[in-house]
Amino acid sequence: MKRGIFISFEGPDGSGKSTQIRLLTEYCKEKGLEAVTVREPGGTAISEKIREIILDKKNSEMSPVAEALLYAASRAQLVEQIIRPALEEGKMVLSDRFMDSSIAYQGYGRGLGDGVRIINEFAVRDLQPDLTFFLDLDPVKGKQRVLKEGEPDRLESEAMTFHRAVYEGYKKLSLIYPQRFVTVDADRPVGEIASDIREAFDRYVLERA
Ligand code: TYD
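These figures come from a predicted structure and were not determined experimentally.

*Asks:* Honestly, the nonpolar core in this entry has me stumped. Any pointers?
*Replies:* The nonpolar side chains of soluble globular proteins are, as a tendency, buried together. Of all hydrophobic cores here, the largest spans 29 residues; its most connected members are Ile-83, Phe-98 and Leu-127. Every element with two or more residues in this core is listed here: α2 (45-55), α3 (64-88), α4 (99-109), α5 (115-124) and α7 (160-176). Contact partners of Ile-83, with chain neighbours within four places excluded, come to Phe-6, Val-38, Leu-78, Val-93, Phe-98 and Leu-127. The next biggest cluster of nonpolar side chains, apart from the first, holds 20 residues, and it includes Ile-21, Leu-24, Cys-28 and Leu-131.

*Asks:* Explain the packing of α3 against α5 to me, please; I cannot follow it from the model alone.
*Replies:* The description of two helices packed together rests on the angle between their axes and the distance between the axes. Between α3 and α5, whose axes approach to 8 Å, the crossing angle comes to 25 degrees. Considered as vectors, α3 and α5 are oriented roughly parallel to each other. Crossing angle aside, the handedness with which α3 passes α5 is right-handed. Across the interface between the two elements, Ala-68, Leu-69, Ala-72, Arg-75, Ala-76, Val-79 and Arg-84 from α3 touch Ile-119, Asn-120, Ala-123 and Val-124 from α5.

*Asks:* What is the right way to look at α2 in this model?
*Replies:* One full turn of an α-helix is made of 3.6 residues, so residues set three or four places apart face in the same direction. Restricting attention to buried positions, one finds in α2 the residues Ser-47, Ile-50, Arg-51, Ile-54 and Leu-55. All buried residues of α2 project into a common sector of 120 degrees when viewed along the axis, lining one side. Counted as exposed and oriented over 90 degrees from the buried face of α2: Ala-45, Lys-49 and Glu-52. The inward-facing, buried residues of α2 abut β2 (35-39) and α3.

*Asks:* So what exactly am I meant to see when it comes to the pairing of strand β3 (residues 92-96) here?
*Replies:* In summary, the side chains of a regular strand alternate between the two faces of the sheet. The buried fraction of β3 amounts to 5 of the 5 residues, a majority that puts the element mostly inside the structure. Covered by surrounding structure in β3 are Met-92, Leu-94 and Asp-96 together with Val-93 and Ser-95, the residues of both alternating faces. Pairing between strand β1 (residues 6-10) and β3: 4 bridges, direction parallel. The partner of Phe-9 across the bridge, within β3, is Asp-96.

*Asks:* Mind showing me how you'd approach unusual backbone geometry here?
*Replies:* Excluding glycine, a negative phi dihedral is what most residues carry, and trans is how most peptide bonds are arranged. Put simply, Glu-40 and Pro-41 share a cis peptide bond, and its omega is -10 degrees. Looking at the element boundaries, Pro-41 is found in the loop between β2 and α2. Positive phi is not limited to glycine here, since Arg-97 has a value of about 80 degrees. For Arg-97, the position within the fold is in the loop between β3 and α4.

*Asks:* Even after reading the chapter, I still don't get the pattern of salt bridges, so can you show me in this structure?
*Replies:* Between side chains of opposite charge, a pair can form when the charged atoms approach closely. Under the defined criterion, the tally for this structure stands at 25 salt bridges. The partner of Arg-22 in a salt bridge is Glu-26, and the shortest N-O contact between them spans 3.6 Å. Of this pair, Arg-22 and Glu-26 both sit in helix α1 (residues 17-30), 4 residues apart, which is roughly one turn of the helix. Its relative accessible area of 39% is what places Glu-26 among the partly exposed residues. Residue Arg-164 pairs with Asp-138 through a salt bridge whose shortest N-O separation is 3.5 Å. Pair noted here: Arg-164 is in helix α7 and Asp-138 is in the loop between β4 (131-136) and α6 (139-149), with a separation of 26 residues, a long-range link. Its relative accessible area of 32% is what places Arg-164 among the partly exposed residues. Taking the relative accessible area as the measure of exposure, Asp-138 reaches 30% and is therefore partly exposed. Linked by salt bridges that have partners in common, Glu-67, Arg-110, Arg-154 and Glu-158 make up one network.

Each value, and the rule that gives it
Residues numbered from 1 in each chain as written. Predicted model: local features only at pLDDT ≥ 70, side-chain atom pairs only at ≥ 80, totals over all residues. Heavy atoms only, no water. Core = buried A, V, L, I, M, F, W, Y, C linked by side-chain atoms within 4.5 Å. Buried < 20%, exposed > 50% of the residue type's maximum accessible area, 1.4 Å probe, protein only. Helix = DSSP H or I, 4+ residues; strand = E, 2+ residues; numbered from the N terminus. Contact = heavy atoms within 4.5 Å. Axes fitted to C-alpha atoms, helices over the stretch in contact; angles between N-to-C directions. Parallel < 35°, antiparallel > 145°, perpendicular 65-115°, else oblique. Left-handed = near helix turned anticlockwise from the far one by under 90°. Arc of directions from axis to C-beta. Pairing = 2+ DSSP bridges. Salt bridge = Lys/Arg side-chain N within 4 Å of Asp/Glu carboxyl O.

Right, dumping it as structure tokens:
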């Protein structure tokens, strides 16, 4: 059986990833494609517990390295328990964030550098998305959207200099991995963004068939 397609969604906080994943999942259903949707950090019982520790605002003393390792641990569990088995069964997997989030947030945002890529390659045993939709939104606008939605978590509460560095990190990743990164202007109505994503998705599925 052919391995399933692995698609990740990336972008700053407030860039609208969750909405777009929901819409692409519905589109896959309409086309009769079975899609498994996961979110990071989380997606398994163990990973959700790790998520609580990472995002809890009470954990203000957490060191950047501990933070990076916790994200990687949560990801390792999700890959072994859900993502890899689904791909091996030929299913499509749509992930709300993956390893690029760690490289952008911990590598660039926290300034931990290339070590973040190395621990993550170990954590996921070299699994890479086939396609990554980068929802490109200025972090100032992202922050405004997050604040409208309610109480921000520990990461969302970081200063704008952090979010700016994360955003620049994503831009660099899109240059490092041009073959899988699809940059989508996220400062537009939901329907227009969804339509661009569907188009790139259809093209990829057709090429791979
Ligand atoms: P979440 O509420 O899932 O935010 P979003 O809906 O924007 O994805 O919280 C995840 C937070 O964790 C978000 O601020 C991004 C951050 N994050 C990292 O810093 N590193 C990572 O590897 C991942 C997966 C997320």
